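Secondary and tertiary structure notes
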Amino acid sequence: MTAADRAVERIDELATNRPVAVIVAFLLVSVVALGGVTAISTSAGADQFTQDIPAQQALDEIDEEFESSIGGSATSAQVIVTGDDVLSRDALVRILETQDRLESRSTLRVASTTSHANAIARRLDPSAETPGEQRDAVAEATPRELAAAIEAADESGAVAAQVSTDYNPTAQRAGAAIVGVTYDVPDAATTARVETLQVRSVEVVDSVPGMEAGENAILFGDGILQSEINALLTDTAIIVFPAALVLILLFLLFAYRDPIDMALGLSALGMSVLWTFGFMGYAGIPFSDSLITVFPLLVAVGIDFGIHIINRYREERLDGGGIGDSMRTTTDQLFIAFLLVTITTVVSLIANVVSPFDPNRDFGIVAAVGMVFTLMVFGVYLPAAKVLVDRVRDRLPIPEFGSTPLGTGGSRLGTLLHVGVDLSRIAPVLVVVVVLLGGALGGAYGTGVDTEFSEEAFFPDEGRLETYSQLPEPLAPTDYTFLDVLTLFEEEFDQSFVGSVTLYVDQSVRDDDSLELIDRTTRNPPDTFATTDERRASATSIVTVIEDHAENDPEFRRTVERNDRLGTGVPDRNVDEVYDELLDSSAEGQARGYIAADRGSARIDYTIRPGVDDAEAVADVRELAERTPLTAVATGQLVVNEAVIELLLDSAVRSLIAAFVLTAAFLMLSYRYLEGKAVYGALNLVPVLATVGLLAGSMYVLDIPLTPINAPILSVSIGLGVDYTVHFVHRFVDEYKAGMPIQEALDVTIGGTGGALTGSMLTTVTGLGVLWLAVIPLIQEFGALLALGVFYAYLCSIVLVPSLVVVWDRYGSRVGLGLEATLGEEDEAARDVERGGR
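Residues numbered from 1 in each chain as written. Predicted model: local features only at pLDDT ≥ 70, side-chain atom pairs only at ≥ 80, totals over all residues. Heavy atoms only, no water.

The subject of this paragraph is the sheet that holds strand β6 (residues 539-540). With antiparallel pairing, 4 strands are arranged side by side in an open sheet as β6-β7-β5-β8. Sheet topology places β6 and β8 (632-635) at the edges, where each strand pairs with a single neighbour. Two strands pair when backbone bridges link them, and strand β5 (residues 500-505) and strand β7 (residues 602-607) are joined in this way by 6 bridges, in the antiparallel orientation. Bridged to Ser 500 within β7 is Thr 607. (Pairing = 2+ DSSP bridges. Helix = DSSP H or I, 4+ residues; strand = E, 2+ residues; numbered from the N terminus.)

So, in structure tokens, the structure goes:
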């Protein structure tokens with residue numbers, strides 16, 4: 001007896017002789033798992049995929065070292081004020097009142113605020129330092145004084161920098177403005193802490209007469225953004241889980257046709273999911289977008305295991321077996337199949353640990369651990385619970401419900417399921433060729449699948465949000481302000497997350513030639529960069545800030561000219577003196593956005609021509625970073641996104657190869673150990689390859705790009721494919737080894753296993769397919785791909801495997817790779833006759 005046989009015998013003994021002890025033990029573990037559930041945190045959005053990328057690290061350093069009125073870091077926020085005219089006296093007073101209240105509320109920890117109103121008020125009263133004093137200066141000014149102050153502030157560039165692009169200097173009107181808010185919090189402050197401060201700030205903004213938070217005054221910062229992105233997970237769960245539960249219950253009722261058996265299956269499903277959640281909490285793994293898909297996957301496998309257990313048990317009971325004996329036969333045959341499915345699926349999931357992305361590694365670990373829990377629960381707990389319930393049923397007058405195996409007894413389903421076996425009699429070679437050719441063509445088309453990554457990819461579908469907003473609470477989704485903010489940035493301020501690239505100059509810019517070197521990076525720009533009339537790159541840097549301020553300030557212009565030996569308009573000596581004067585002027589705010597406080601680094605932003613391919617623009621800025629004599633790193637959101645895309649494709653390919661190689665090795669070694677023939681492992685792999693190819697082709701046809709969320713899909717599809725083929729092949733091998741001819745063994749296999757596979761497929765495809773209802777498009781697409789992967793795996797097991805068995809035996813036997821088991825001479829002779837007849 002092998003170790004596997006001894007393990008199964010031990011499970012038989014526990015399930016049939018000590019079911020109560022088994023159930024109590026599993027319930028106690030579930031109570032412990034509840035403790036871990038309460039410790040789960042959340043993580044969402046694009047940041048989870050970019051943190052280890054050099055371009056992102058450079059972008060983070062920019063956020064820390066430079067100030068900006070747009071964008072900002074986790075310790076800053078922006079209040080976007082809209083109205084008929086944000087330069088009117090009333091609007092300026094409201095803005096300064098808002099700033100005064102934000103700065104004076106100590107619990108908000110607001111270090112400073114900035115706006116165009118500050119610059120205008122300082123022109124009216126240079127001694128007014130606080131927003132409250134500046135508010136009074138604006139309120140008391142005459143119309144002529146106010147107009148002159150706006151004009152003076154505009155000449156320094158302080159107005160145009162913080163109002164919308166519809167600004168008319170002549171009419172002194174603009175429709176929107178940005179108020180920058182900086183918080184005084186430690187660098188180690190958590191996102192939750194920053195979010196709390198920003199939420200309280202919203203309340204203060206709303207308290208100002210004339211300011212309506214969320215309407216004409218929207219406060220936005222990374223804390224609120226992260227909070228709203230996390231809320232997407234909750235909204236997705238609220239929509240998807242109830243729909244999945246209803247549909248799964250309907251199909252489980254069809255598969256079990258017995259409410260008591262269905263209740264047992266559901267209790268096992270709940271237990272395996274609970275254990276997995278508990279593991280996440282104790283392991284400190286946050287719940288993220290990627291992990292939403294783990295639980296439908298576990299439900300898929302759990303449903304499959306549960307239906308197989310109950311269906312096989314019913315077969316034995318229908319043949320007259322007792323409760324204990326029937327369950328022993330069931331576990332003897334199915335536990336090894338479950339073990340093979342679990343290990344091969346775990347292998348395909350663990351392959352994701354080679355991914356460069358933490359969320360994908362977490363997905364592989366959590367899903368793999370969840371699969372092990374699913375095996376334990378459905379392989380030990382469910383048999384014990386079924387034995388206990390049926391023994392109670394025998395003693396009590398409980399009515400009998402549907403108790404026949406699914407797909408048997410001459411039903412329409414049974415007839416339909418035999419199509420694959422019938423084709424294996426008629427044209428097995430044709431079936432194998434057609435299916436494998438389809439898989440090969442799908443794989444070839446799959447190489448053309450696009451890759452995609454951007455912050456916007458994690459945003460919800462606005463049309464779907466609008467539709468779902470009609471639903472009653474708690475199904476109605478959250479109101480997301482960041483969608484309105486993005487629209488305002490793009491329409492009112494001509495800003496977006498893409499459209500520019502950045503050079504982060506990671507060296508001191510205090511040397512005499514520093515500004516000249518920065519200026520040279522704008523000369524002879526690549527075709528992807530937008531250009532000025534002088535055929536230079538359209539760029540913003542400390543050099544352009546110096547040039548702009550020199551045009552508006554005669555005294556500063558003389559300083560620049562005095563230190564410009566080459567006559568280019570760019571200072572090339574005493575640059576520290578130039579910086580000192582610039583930073584002591586009204587242009588300080590702009591300058592701080594392009595030079596660090598210690599002058600140890602700088603940034604240069606380049607505008608990309610509209611319609612340019614992102615990859616080309618990124619390649620050009622990377623080449624520029626290598627070519628310039630400055631120590632520079634190419635960064636910006638486009639550069640980060642492109643880096644993720646490059647890693648994404650490499651990750652998907654590596655995970656797929658690792659999953660297939662490890663799965664192939666395990667299956668062949670397992671069947672060699674268990675059945676004496678590695679060829680049975682090969683029979684499992686061929687349908688899996690077809691499944692992967694068909695799935696890749698479907699991504700191309702449906703125009704679903706490869707993203708960080710669905711990157712594991714190809715390696716996971718190996719585990720899903722093995723789930724179905726292992727059940728079919730394992731049952732066939734059992735019947736074949738018992739002495740049945742191939743066709744008869746296939747008939748018995750499809751009759752006993754086909755119905756369970758069908759019930760599992762229908763329930764799983766429905767359960768996974770409801771992810772299409774999610775508000776996040778990435779989750780929708782992954783749900784569709786998982787459902788397709790299960791469906792293809794089912795089709796290949798039902799249609800391809802019977803013909804593959806026949807073809808392999810027919811032609812493999814000629815080279816010693818047939819399916820012959822160790823049989824008696826009479827059985828072997830009978831097989832020879834059958835093969836000869838074919």
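Two numbers describe a pair of aromatic rings. These are the distance of the centres and the angle of the planes. Using the criterion set out here, one finds 10 aromatic pairs in the structure. Ring geometry for Phe 305 against Phe 338: centres 4.1 Å apart, planes inclined by 15°, an arrangement best described as stacked. Taken together, the positions of Phe 305 in helix α11 (residues 294-318) and Phe 338 in helix α12 (residues 323-350) put the pair 33 residues apart, joining distant regions of the chain. For the pair shown, Phe 305 and Phe 338 are each scored as buried. Each ring, one from Phe 363 and one from Phe 782, has its centre 6.5 Å from the other, and the planes form 75°; the classification is edge-to-face. Taken together, the residues span a long stretch of sequence, with Phe 363 in helix α13 (residues 358-395) and Phe 782 in helix α29 (residues 777-812) at a distance of 419 residues. This pair shows no difference in class: Phe 363 is buried, exactly as Phe 782 is. (Phe/Tyr/Trp six-rings, centres within 6.5 Å; stacked < 30°, edge-to-face > 60°. Buried < 20%, exposed > 50% of the residue type's maximum accessible area, 1.4 Å probe, protein only.)

Overall, antiparallel pairing links the 4 strands, which are arranged β2-β3-β1-β4 in an open sheet. Edge positions in the sheet fall to β2 (110-114) and β4 (217-221), since each of these pairs with one other strand and no more. Each strand of the sheet is rotated relative to its neighbour by a mean of 20°, with strand direction disregarded. The pairing of strand β1 (residues 76-82) with β4 spans 5 bridges and is antiparallel. Paired with Val 81 across the strands is Ala 217, a residue of β4. Along the sheet, helix α4 (residues 89-104) makes contact with β1, β2 and β3 (176-183), crossing β2 at roughly 170°. (Axes fitted to C-alpha atoms, helices over the stretch in contact; angles between N-to-C directions. Contact = heavy atoms within 4.5 Å.)

Among the surface-exposed residues, Glu 203, Asp 206, Glu 212, Glu 215, Asp 461, Glu 462, Glu 466, Asp 479 and Asp 484 lie close enough to one another that they form a single negatively charged patch. Counting only elements with at least two residues in the negative patch, the list comes to α8 (191-207) and α17 (462-468). Locating Asp 461 in the fold gives a position in the loop between α16 (428-446) and α17. With a relative accessible area of 30%, Asp 461 lands in the partly exposed category. (Patch = residues over 30% accessible without salt bridge, like charges linked within 9 Å, V, L, I, M, F, W, Y side chains within 5 Å. Areas by Shrake-Rupley, 256 points an atom, 1.4 Å probe, with all protein chains shown as cover. Salt bridge = Lys/Arg side-chain N within 4 Å of Asp/Glu carboxyl O. Lys, Arg positive; Asp, Glu negative; His and termini not counted. Charge placed at Lys NZ, Arg CZ, Asp CG, Glu CD.)

Mapped onto the fold, Thr 522 is located in the loop between α19 (514-520) and β6. Residue Thr 522 is classed as buried on the basis of its relative accessible area of 9%. In this view, Thr 522 contacts Arg 536, Ala 537, Ala 539 and Tyr 606; residues no more than four positions away in its chain are not counted.

Now for a nonpolar patch on the surface. A contiguous nonpolar patch, built from Val 429, Val 433, Leu 437, Leu 441, Tyr 445, Tyr 700, Val 701, Leu 702 and Tyr 811 and spanning about 880 Å² of accessible area, is present on the exposed surface. Ranked by residues supplied to the nonpolar patch, first place goes to α16 with 5 residues.

Moving on: the pattern of salt bridges. Throughout the structure, instances matching the rule amount to 29 salt bridges. Residue Arg 135 pairs with Glu 97 through a salt bridge whose shortest N-O separation is 2.5 Å. Residue Arg 135 is located in helix α6 (residues 131-140), and its partner Glu 97 is located in helix α4; the two are separated by 38 residues in the primary sequence. Classification of Glu 97 as buried rests on a relative accessible area of 16%. Between Arg 510 and Asp 576 there is a salt bridge, with the nearest N and O atoms lying 3.0 Å from each other. With Arg 510 in the loop between β5 and α19 and Asp 576 in helix α22 (residues 575-583), the pair connects residues that are 66 residues apart, well separated along the chain. By relative accessible area, which is 41% here, Arg 510 ends up partly exposed. Each of Asp 258, Asp 261, Arg 314, Lys 386, Asp 390 and Arg 393 takes part in one network of salt bridges that share partners.

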